[in-house]
Amino acid sequence: MDTKELLKKVRKIEIKTRRLSDHIFGGEYHSTFKGRGMTFSEVRQYQFGDDVRTIDWNVTARYNEPYIKVFEEERELTMMLMVDVSGSELFGTTNQFKKDVITEISATLAFSALQNNDKAGLILFSDEIELFIPPKKGKSHVLRIIRELLEFKPKSNKTDVAAALKFLSSVMKKKAIVFVLSDFIAEDYEKTLKISGNKHDLTGIRVYDQHEESIPNLGMVQMQDAETGKISLVNTQSKSVRRSYQAYYRQRVDYYKNTFSKSGCGVIDCRVDESYVKKLLGYFKRRG
């Protein structure tokens, strides 16, 4: 992709997702994700009904009448987008690849963070960490994140969610809002997710194509695994072949939902031909 074409694409995504985050998600995002904690602001005289636990005993002793500490919510937050860039994200049978939808959702969330004056960062992962952009504020930083999402070429086609979560724990020492965007056709990440979920406010966004859920009856078909590159001849006429594929797919999806829920993390399911706007808004409203 040449620079001119890339800038055009970035601008197109910026216009679409910025409008969404400004008019729809800004307020929802703000009310859903409260500040990191409380920070001391000032002292004032005790009034009837104030919490006695907030009395500042030093000031009270000095002035011989009760004073309390006033705290303010510490609003500034850090958002991390963790995006799966493995081979299976290039699947799509409607007019969009999963990768395109993931890019738009990520951009919308990044602009929501920008509007709230929060930092945003990016981790692109396959079965290794492909790219890490540390969290920062500002529009030019958000545009850089979008550029990488559009243009980045991963070294590997495979997926390892656990390795990505381990990396997150090593680079993010303070609590962050974390969105993991993937199709979650992966396994063995339960233990790592539990650790990350205890530390961060974590949400999984599964982006999938309805045609991945089952194999149609097309006779003998050559199929290539997008992650391993392996080509095999599959007899799609066989009911047992179709059933076992469907069972495998269902198993991966159930594992994702159960693992995230058990770890106290949020779950959003978004099909490529559905409105991700409705999905995100619904999720924010339920949590807000």
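Predicted model only: the values in this text are computed from it and were never measured.

A. Structural detail: the packing of aromatic side chains. Evaluation of the coordinates by the stated rule reveals nine aromatic pairs. Relative to Tyr 67, the ring of Tyr 63 has its centre 5.5 Å away and its plane inclined at 45 degrees; by these criteria the two rings are tilted. Within the aromatic cluster, the residues linked to one another by ring pairs are Phe 184, Tyr 189, Tyr 255, Tyr 256 and Phe 260. Sitting over the face of the ring of Tyr 208, Arg 206 holds its NZ or CZ atom 3.9 Å from the ring centroid.

B. Local environment of the sheet that holds strand 4 (residues 119–125). In spatial order, the strands read 5-4-3-6-7-10; together these six strands make up an open sheet with mixed pairing. Bordering the open sheet on either side are strand 5 (129–136) and strand 10 (266–271), each of which pairs with just one other strand. Taken over all neighbouring pairs, the strand axes of this sheet differ in orientation by 15 degrees on average, direction set aside. With seven bridges connecting them, strand 3 (residues 78–84) and strand 4 associate as parallel partners. Within strand 4, the residue paired with Leu 81 across the bridge is Leu 122.

C. Inspection of the side chain of Thr 17 at higher detail. With respect to the helices and strands, the residue Thr 17 is situated in helix 1 (residues 3–32). The class of Thr 17 is buried, set by a relative accessible area of 0%. A polar atom in the side chain of Thr 17 sits 2.6 Å from the backbone oxygen of Ile 13. In this view, Thr 17 contacts Glu 104, Ala 107, Thr 108, Phe 111 and Tyr 276; residues no more than four positions away in its chain are not counted.

D. Region of the structure containing helix 3 (residues 98–115). Its 18 residues give helix 3 an end-to-end C-alpha distance of 26 Å, which sits within 8% of 26 Å, the value for a rise of 1.5 Å per residue. In terms of burial, helix 3 is a largely internal element, 15 of the 18 residues being buried. Looking one or two places after helix 3, you find Asn 117, whose phi comes out positive at around 60 degrees.

E. Structural detail: the packing of helix 6 (residues 190–199) against helix 7 (residues 239–262). Running from N to C, helix 6 and helix 7 point in directions that differ by 35 degrees, and their axes come no closer than 9 Å. The two elements helix 6 and helix 7 meet at a crossing, and its hand is right-handed. On helix 7, the residues touching Glu 190, Leu 193 and Lys 194 of helix 6 are Tyr 255, Thr 259, Phe 260 and Lys 262. In the contact of helix 6 with helix 7, the residues fall into three nonpolar, one polar and three charged.

So, how was this worked out
- Residues numbered from 1 in each chain as written.
- Predicted model: local features only at pLDDT ≥ 70, side-chain atom pairs only at ≥ 80, totals over all residues.
- Heavy atoms only, no water.
- Phe/Tyr/Trp six-rings, centres within 6.5 Å; stacked < 30°, edge-to-face > 60°.
- Lys NZ or Arg CZ within 6 Å of the ring centre and 35° of its normal.
- Pairing = 2+ DSSP bridges.
- Helix = DSSP H or I, 4+ residues; strand = E, 2+ residues; numbered from the N terminus.
- Axes fitted to C-alpha atoms, helices over the stretch in contact; angles between N-to-C directions.
- Buried < 20%, exposed > 50% of the residue type's maximum accessible area, 1.4 Å probe, protein only.
- Polar contact = N/O pair within 3.5 Å; in protein donor to acceptor, adjacent residues only side chain to side chain.
- Contact = heavy atoms within 4.5 Å.
- Expected span 1.5 Å × (residues − 1).
- Left-handed = near helix turned anticlockwise from the far one by under 90°.
- Nonpolar A, V, L, I, M, F, W, Y, C, P; charged D, E, K, R; others polar.

In short, geometric facts, not functional conclusions.
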